[in-house]
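# Coordinates in review
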Amino acid sequence: MTDGRRPVRYDAALAIRELTAADPKLGQLIQRAGPYSLKLKSQHSPFEALLESIIYQQLHGKAAAAILKRLLTLFGEIHPSPEHLLGASGDMLRSAGLSGSKSKALRDLAAKTLDGTVPTLTAIRRMPDAEILDRLTQVRGIGPWTVEMLLIFRLGRPDVFPLTDYGVRKGFSLTFKKLPKHKPFDATMLAKPAEMLRRSEKWKPWRSVASWYLWRACDLYGKPSPPPE
């Protein structure tokens, strides 16, 4: 694949069959949205993936990409190692466009990678989702949502349900709730996490696939909320 993305390793066709059987309403969404086409992003180490996540937080994609490019240029067009990042001066990091808070988060990420809190790529592939979540959220600036995106879009875990994601909540509302017609969607219409969690019990062990279709629901209703990937 020329863009470096790869297919998921789980059986998406089986997932769709079982989701449709377990929840016909979700099955209707699946039928309307079409084939499951999630492709996983390049297999960076957890350190490299989280470095990019921290840089992209609360920034427009183009601005974050420019900062990331400047940072990589400072280290010879490659991802810096944790040692290199810890050894970089504050002025050097600022020259790439990093704020003070993001510089601190990246240094904490580097330190926790060196002490083993953040696992290697080989190790993380063998870990259960809950342990990954526990380990990575110990890093400054990394919350559950960031880890859930890594689990879905980089590690290809099949049963992740990001309850706090705006697009997933909106897609759930559009699919399962009776919303007022001819009224613009607003935050008061978002599904509550408890309601979502109850319904999602029937989607196990394929909640990542269900989430992908909830993102698609926003597209179908003309209210795009693309997954962050």
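Structure shown above.
To keep things clear, this report deals only with the structure shown in the data block. (Residues numbered from 1 in each chain as written. Predicted model: local features only at pLDDT ≥ 70, side-chain atom pairs only at ≥ 80, totals over all residues. Heavy atoms only, no water.)

What follows concerns the packing of helix H3 (residues 46–56) against helix H7 (residues 100–114). Helix packing geometry: the angle between the two helix axes and the distance between the axes. Contact geometry for H3 and H7: axes closest at 10 Å, N-to-C directions at 165 degrees. Taken together, the axes of H3 and H7 lie roughly antiparallel to each other. The chirality of how H3 crosses H7 is right-handed. Contacts between H3 and H7 involve Phe47, Leu50, Leu51, Ile54, Ile55 and Tyr56 from the first element and Lys102, Ala105, Leu106, Leu109, Ala110 and Thr113 from the second. Across the contact of H3 with H7, the residue classes tally to 10 nonpolar, one polar and one charged. (Axes fitted to C-alpha atoms, helices over the stretch in contact; angles between N-to-C directions. Helix = DSSP H or I, 4+ residues; strand = E, 2+ residues; numbered from the N terminus. Parallel < 35°, antiparallel > 145°, perpendicular 65-115°, else oblique. Left-handed = near helix turned anticlockwise from the far one by under 90°. Contact = heavy atoms within 4.5 Å. Nonpolar A, V, L, I, M, F, W, Y, C, P; charged D, E, K, R; others polar.)

With the rule as written, the count across this model stands at 10 salt bridges. The partner of Arg157 in a salt bridge is Asp129, and the shortest N-O contact between them spans 2.6 Å. Residue Arg157 is located in the loop between helix H10 (144–153) and helix H11 (166–176), and its partner Asp129 is located in helix H9 (residues 129–136); the two are separated by 28 residues in the primary sequence. Residue classification places Arg157 among the buried positions, given a relative accessible area of 12%. With a closest N to O distance of 3.1 Å, Arg216 and Asp219 form a salt bridge. Highlighted residues: Arg216 and Asp219, both in helix H13 (residues 207–220), separated by three residues, approximately one helical turn. (Salt bridge = Lys/Arg side-chain N within 4 Å of Asp/Glu carboxyl O. Buried < 20%, exposed > 50% of the residue type's maximum accessible area, 1.4 Å probe, protein only.)

In this section: the nonpolar core. Counting residues in hydrophobic clusters, the biggest one holds 66 residues, and the most contacted among them are Tyr36, Leu51, Ile55, Leu109 and Trp203. In terms of residues, this core owes the most to one element, H13, which gives seven residues. Look past the residues within four positions of Trp203 in its chain and what remains in contact with it is Leu19, Asp23, Leu26, Phe161, Phe172, Phe176, Ala210 and Leu214. Membership of the second largest hydrophobic core comes to five residues, among which are Leu174, Phe185, Leu190 and Cys218. (Core = buried A, V, L, I, M, F, W, Y, C linked by side-chain atoms within 4.5 Å.)

When the terminal C-alpha atoms of H13 are compared, their 20 Å separation across 14 residues agrees well with the 20 Å that a helix rising 1.5 Å per residue should span. Of all 14 residues in H13, 12 are buried; the element is thus mostly enclosed. Within the sequence span of H13, burial applies to Arg207, Ser208, Val209, Ala210, Ser211, Trp212, Tyr213, Leu214, Trp215, Arg216, Ala217 and Cys218. For H13, the elements touching its buried residues are helix H1 (12–22), helix H2 (24–33), H10, H11 and helix H12 (193–200). Downstream of H13 by one or two residues, Gly222 has phi in the positive range, about 70 degrees. (Expected span 1.5 Å × (residues − 1).)

This part takes up the packing of aromatic side chains. If you walk through the whole model with that rule in mind, you get 10 aromatic pairs. With a centroid separation of 6.1 Å and 50 degrees between ring planes, the pair formed by Tyr10 and Trp206 is classed as tilted. Placement of the pair is Tyr10 in the loop between strand E1 (6–7) and H1 and Trp206 in the loop between H12 and H13, with a sequence separation of 196 residues. On the basis of relative accessible area, Trp206 is assigned to the buried category, the value being 9%. Taking the ring centre of Trp212 as reference, the NZ or CZ of Arg216 above it sits at 4.6 Å. (Phe/Tyr/Trp six-rings, centres within 6.5 Å; stacked < 30°, edge-to-face > 60°. Lys NZ or Arg CZ within 6 Å of the ring centre and 35° of its normal.)

Before going further, it helps to spend a moment on H2. Listed as buried for H2 are Leu26, Gly27, Leu29 and Ile30. One side of H2 holds all its buried residues, which, seen down the axis, span an arc of 160 degrees. Turned more than 90 degrees off the buried face of H2, the exposed positions are Pro24 and Gln31. Buried residues belonging to H2 abut H1, H11 and H13. Of the residues one or two after H2, Gly34 is the one with positive phi, at around 90 degrees. (Arc of directions from axis to C-beta.)

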